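Breakdown of the fold
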Amino acid sequence: MATTLTRSLGFRATHRYWVPEWSAEQNRSRFGSAIEAHPHDYRCAVTVSGPFDPETDMIVELPALDGILYEEVVQRFQGKQLDRDTPEFAAAGMQPSCEALARYLFRRIAARLPAGVALERVRVEEDPSLAAECTKE
Amino acid sequence: MATTLTRSLGFRATHRYWVPEWSAEQNRSRFGSAIEAHPHDYRCAVTVSGPFDPETDMIVELPALDGILYEEVVQRFQGKQLDRDTPEFAAAGMQPSCEALARYLFRRIAARLPAGVALERVRVEEDPSLAAECTKE
Amino acid sequence: MATTLTRSLGFRATHRYWVPEWSAEQNRSRFGSAIEAHPHDYRCAVTVSGPFDPETDMIVELPALDGILYEEVVQRFQGKQLDRDTPEFAAAGMQPSCEALARYLFRRIAARLPAGVALERVRVEEDPSLAAECTKE
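Please read all numbers here as calculations on a predicted model, not as lab measurements.

1. A short note on the interface of chain C and chain A
Tallying the contact residues gives 24 residues for chain C and 20 residues for chain A. Buried surface at the junction of chain C and chain A, both sides included, amounts to about 2,000 Å², of which 53% is carbon and sulfur. Applying the counting rule to chain C against chain A returns 0 salt bridges. In terms of residue class, the side of chain C that touches chain A is built from 13 nonpolar, 5 polar and 6 charged. Direction of pairing for strand β1 (residues 2-15) of chain A relative to strand β4 (residues 130-135) of chain C: antiparallel, over a ladder of 6 bridges. Across the sheet, Leu5 of chain A pairs through a bridge with Ala132 of chain C, a residue of β4 of chain C.

2. Remarks on a negative patch on the surface
Judged by side-chain charge, Glu21 of chain A together with Asp53, Glu55 and Glu61 of chain B come together as a negatively charged surface patch. If you trace the backbone, Glu21 of chain A turns up in the loop between β1 and α1 (24-31). Residue Glu21 of chain A is classed as exposed on the basis of its relative accessible area of 65%.

3. As for the packing of aromatic side chains
Applying the stated rule across the entire model yields 21 aromatic pairs over all chains. Taken together, a centroid distance of 5.8 Å and an interplanar angle of 15 degrees make the contact between Trp22 of chain A and Phe31 of chain A stacked. Judged by its relative accessible area of 15%, Trp22 of chain A falls in the buried class. Using a relative accessible area of 9% as the deciding quantity, one classes Phe31 of chain A as buried. Summarising the aromatic geometry, the rings of Phe77 of chain B and Tyr104 of chain B are spaced 6.4 Å apart at their centres and angled 55 degrees between planes, so their arrangement reads as tilted. Here Phe77 of chain B, found in helix α2 (residues 62-77), pairs with Tyr104 of chain B, found in helix α5 (residues 98-110); they are 27 residues apart in sequence, far enough to count as distant.

4. Notes on the relation of the copies chain C and chain A
Taken as rigid bodies, chain C and chain A are interconverted by a rotation of 120 degrees and an axial shift of 0.0 Å, the fit giving an RMSD of 0.0 Å. Overall, the copies show the geometry of a three-fold rotation axis. Identified as the residue of chain C closest to the rotation axis by C-alpha distance is Pro128 of chain C, at 8.2 Å.

5. Brief notes about the interface of chain B and chain C
On the side of chain C, 20 residues touch chain B, which itself brings 24 residues to the contact. Across the chain B to chain C interface the summed buried area is about 2,000 Å²; carbon plus sulfur atoms make up 53%. When residues of chain B are sorted by the area they lose upon contact with chain C, Arg30, Glu99 and Glu133 of chain B head the list and together hold 32% of the total. Applying the counting criterion to the chain B and chain C interface returns 0 salt bridges.

6. Focus on the pairing of strand β2 (residues 38-49) of chain B
Where strand β1 (residues 2-15) of chain B and β2 of chain B come together, 12 bridges link them in antiparallel fashion. Pairing of Gly10 of chain B across the sheet is with Arg43 of chain B, part of β2 of chain B.

7. As for the sheet that holds β2 of chain B
With respect to topology, 12 strands assemble into a closed barrel ordered β1(A)-β2(A)-β3(A)-β4(A)-β1(B)-β2(B)-β3(B)-β4(B)-β1(C)-β2(C)-β3(C)-β4(C), the strand pairing being antiparallel. Neighbour-to-neighbour, the strand axes of the sheet open up by a mean angle of 20 degrees, direction not taken into account. Where helix α5 (residues 98-110) of chain A meets the sheet, it contacts β2 (38-49), β3 (118-127) and β4 (130-135) of chain A together with β1 of chain B, and its direction lies at approximately 150 degrees from that of β3 of chain A. Strands β4 (130-135) of chain B together with β1 (2-15) and β2 (38-49) of chain C of the sheet are contacted by helix α2 (residues 62-77) of chain C, whose axis makes an angle of about 25 degrees with β1 of chain C.

8. Focus on the pairing of β2 of chain A
Across 7 bridges, β2 of chain A lies against β3 of chain A in antiparallel orientation. Each bridged residue has a counterpart across the sheet, and for Ala45 of chain A the counterpart in β3 of chain A is Arg123 of chain A.

9. Considerations on the environment of Pro87 of chain C
Residue and element names in this part refer to chain C. Residue position: Pro87 is located in helix α4 (residues 87-90). We classify Pro87 as exposed; its relative accessible area is 54%. When the C-alpha atoms of Pro87 and Val60 are compared, they prove to be 30 Å apart, with 27 residues separating the residues in sequence.

10. Here's the deal with the pattern of salt bridges
Residue and element names in this part refer to chain A. Summed over all chains, the structure comprises 37 salt bridges over all chains. For the salt bridge of Glu72 with Arg76, the shortest nitrogen-to-oxygen distance reads 2.5 Å. Of this pair, Glu72 and Arg76 both sit in helix α2 (residues 62-77), 4 residues apart, which is roughly one turn of that helix. Arg123 is paired through a salt bridge with Glu125; the nearest N and O atoms lie 3.4 Å apart. Residue classification places Glu125 among the partly exposed residues on the basis of a relative accessible area of 22%. A network of salt bridges, in which partner residues are shared, links Glu71, Glu72, Arg76, Glu88, Arg108 and Arg112.

Calculation rules
Residues numbered from 1 in each chain as written. Chains lettered and ligands numbered in written order. Predicted model: local features only at pLDDT ≥ 70, side-chain atom pairs only at ≥ 80, totals over all residues. Heavy atoms only, no water. Contact = heavy atoms within 4.5 Å. Buried area = accessible area lost by both parts, 1.4 Å probe. Salt bridge = Lys/Arg side-chain N within 4 Å of Asp/Glu carboxyl O. Nonpolar A, V, L, I, M, F, W, Y, C, P; charged D, E, K, R; others polar. Pairing = 2+ DSSP bridges. Helix = DSSP H or I, 4+ residues; strand = E, 2+ residues; numbered from the N terminus. Patch = residues over 30% accessible without salt bridge, like charges linked within 9 Å, V, L, I, M, F, W, Y side chains within 5 Å. Areas by Shrake-Rupley, 256 points an atom, 1.4 Å probe, with all protein chains shown as cover. Lys, Arg positive; Asp, Glu negative; His and termini not counted. Charge placed at Lys NZ, Arg CZ, Asp CG, Glu CD. Buried < 20%, exposed > 50% of the residue type's maximum accessible area, 1.4 Å probe, protein only. Phe/Tyr/Trp six-rings, centres within 6.5 Å; stacked < 30°, edge-to-face > 60°. Least-squares fit on C-alpha atoms with pLDDT ≥ 70 in both. Axes fitted to C-alpha atoms, helices over the stretch in contact; angles between N-to-C directions.

Don't take any of this as a statement about function, it's just geometry.
Printed below as a string of structure tokens:
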């Protein structure tokens, strides 16, 4: 048996899609109304694995995980326009898709977990109809 | 890391279970009140994988996927009595279980995805207490 | 393709965390307000696999599965204070974490499934922000 723990949290942010190398018509044709900034109530679910602590019967110290998630997810994205206000997306010209957000957060969070705790999966849901998952291979 | 995208959509349909080779008593004993047609607000979640498009930072062109899902899921099942109105279940005598729906939709959708996009999983939920998943092996 | 079926059910229970070998200060420092008993509306999702029954197009006889889940989950935990009223946690000094509950239920349910049906996963969610999964390896 393998055991994982999933912590979920929300943040509210806006985004729009716009490829600068494309014409306005091309952008509209590909992204529709999403070329205008619009809000989402994002949900982010972070799944970790690790050995059971024999004293607490838990696989991660939750306050430590919550501290990392607060910094990497909430402080970074809450209330922002992702394609404009967050350097990682704005400067790199990365489109703020669910897929790109999940991949970005996977790398950030994986780099910060305590020793012995592994990041298994990051799921980013922009609304109940669309979500992306980045999974450890 | 592997990245997937999941699109979810709903449809409303009715179904009942009835094995023609069984007596009424056998059917009632096995399926209970589900031998009578009853409605469900189904949710269907379709998970795909593929390489990141370097221009859009997405792994699938969403309008194309939505078009396929509209035809294969909504047009096929919305408002129907699955065991009576959809030839795939009626003619084949296939019981309209979550499992059978997930497997059927997996085959239909997998056959239509654009080149480079793979179908990873189809989940069919008939209500919050019961769901089936068909996964690529 | 592999097909699974997931049955979800809820139970209401209270729990608290307290390691007897630790001082009150240590317990408070690690668990915060969770050292006091508090309720959760737990959700438990049990995922099984098995061959399609050619007559019913289902992979498990649902009434049989529901009977097992009623005994192992609802009867065992509903309305209890997990760390005090359930011998498995109280006597063994096991902390009633999501992880421990998922692992415990995995073992109990796996041992009772009908021949040919395999337990793939047990998920225990204590609230929308925290869940644990125990998966067959």
